[in-house]
Amino acid sequence: MRVRQNIVVFTGAGISAESGISTFRDKDGLWENYDAMRLASIDGFREDPEAVLEFYNERRWQLFDAKPNHAHYALSELEKQHDVTIITQNVDDLHERAGSSKVIHLHGELTKVTSSRDREDDRCIKYYPLNLPIYIGHKADDGSQLRPYIVWFGEELRYIEEARQLVESADIFVVIGTSLVVYPAAGLVGYARHDIPKFIVDPSDMEGKLPEGYLHIKAKAVEGIDILLEELKKL
Ligand code: OAD
């Protein structure tokens, strides 16, 4: 495939699993051990902000020590030959650390904090060191309690419409490491044009989760990305 193509890649927790970041719904996944509605919902935050901050302080610590893996680096490398846009559900910054230049975070970013009065108040969204905990009493610039810049259950996704348009405009669409159960993000797989090559890299059985036309590379991200690159060469 010599011509420059517009490749859109939609990633989930699975791509960061081999970097040591826990997924949510696998065996040992976060939501197997923690209550998502208590720790990752806007109602949970209103009820017990301390528990939620503590949970995310742990996530931020875990990310501080993590490193991108071969799958993140290979996607960044792909920009040399193609226009690559990453749409990620992940709140880590491993795509950026690997060098990807166009990354859209549907579910927010652990590296940033914001206002608990208005999550999308751009004046309050700031980078905040991952190794500094956020405590009760830390204030955003509008005087409200500081919170991590994460989209919780019960909140709107600021970038979903932009993501849909990007998927609709893709020449090639790739999905990596997502269980496709959280909407509206999971619905993106239905927006890819029917006549383009579509791939999913995931070690699980994806039976019944995808519209027609996806080639399933049944492997973990680090191994699967090389199989994907071989498939792209054949186009
Ligand atoms: P899940 O934990 O639901 O799904 C992880 C997917 O990754 C599964 O399909 C696994 O089979 C696959 N997987 C596991 N190890 C892998 C590996 N090494 N390589 C490739 N794939 C692997 O995670 P998401 O689908 O990303 O929301 O979850 C969606 C959202 O639910 C998250 O963004 C998060 C969560 O609640 C928020 O934090 C707001």
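Keep in mind it's a predicted model, so treat the numbers as computed, not measured.

1. Some remarks on the sheet that holds strand β4 (residues 108-115)
- If you walk across this open sheet you meet the three strands as β5-β4-β6, and the pairing is antiparallel. The outermost strands of the open sheet, each flanked by one partner alone, are β5 (126-127) and β6 (146-150).
- For β4 and β5, the ladder comprises two bridges, and the chain directions are antiparallel. Pairing of K112 across the sheet is with Y127, part of β5.

2. Describing the environment of E18
- Tracing the backbone shows E18 in the loop between α1 (14-17) and α2 (30-33).
- Between the C-alpha atoms of E18 and R117, which are 99 residues apart in sequence, the distance is 36 Å.
- E18 has contacts with N69, K220, A221 and V222, leaving out every residue within four places of it along the chain.
- Within polar-contact distance, the side chain of E18 engages the backbone nitrogen of A221 at 3.3 Å.
- Polar side-chain contacts of E18 include one of 3.3 Å to the backbone nitrogen of V222.

3. Description of the pairing of strand β2 (residues 83-88)
- Counting buried residues in β2 gives five out of six residues, a clear majority hidden from the surface.
- In terms of strand pairing, strand β1 (residues 6-11) meets β2 through six bridges, oriented parallel. Note that in β2 the partner of T11 across the bridge is T88.
- The pairing of β2 with strand β3 (residues 103-105) spans three bridges and is parallel. Bridge assignment links I87 to a residue of β3, and that residue is I104.

Rules used throughout
- Along each chain, residue indices are assigned from 1 in the same order as the chain's sequence is written.
- pLDDT decides what is reported in this predicted model: residues at 70 or higher carry local features, side-chain atom pairs at 80 or more are listed and counted, and totals for whole chains, interfaces and linings draw on all residues regardless.
- Excluded from the side-chain calculations are hydrogens and water; all other atoms, namely the structure's heavy atoms, are used.
- The criterion for strand pairing is that DSSP finds at least two bridges linking the strands in question.
- Helix numbers and strand numbers start at the N terminus; a helix is a DSSP run of H or I with at least 4 residues, a strand a run of E with at least 2.
- Two residues qualify as a contact provided that any one of their heavy atoms is within 4.5 Å of a heavy atom in the partner residue.
- Each polar contact in these results corresponds to two N or O atoms within 3.5 Å; when the atoms are within protein, one needs to be able to donate a hydrogen and the other to accept it, and residues that are neighboring in sequence are counted only if both atoms are side-chain atoms.
- Accessibility here uses a 1.4 Å probe with only protein chains present; expressed as a share of the type maximum, an area under 20% marks a residue as buried, one over 50% as exposed, and anything in between as partly exposed.

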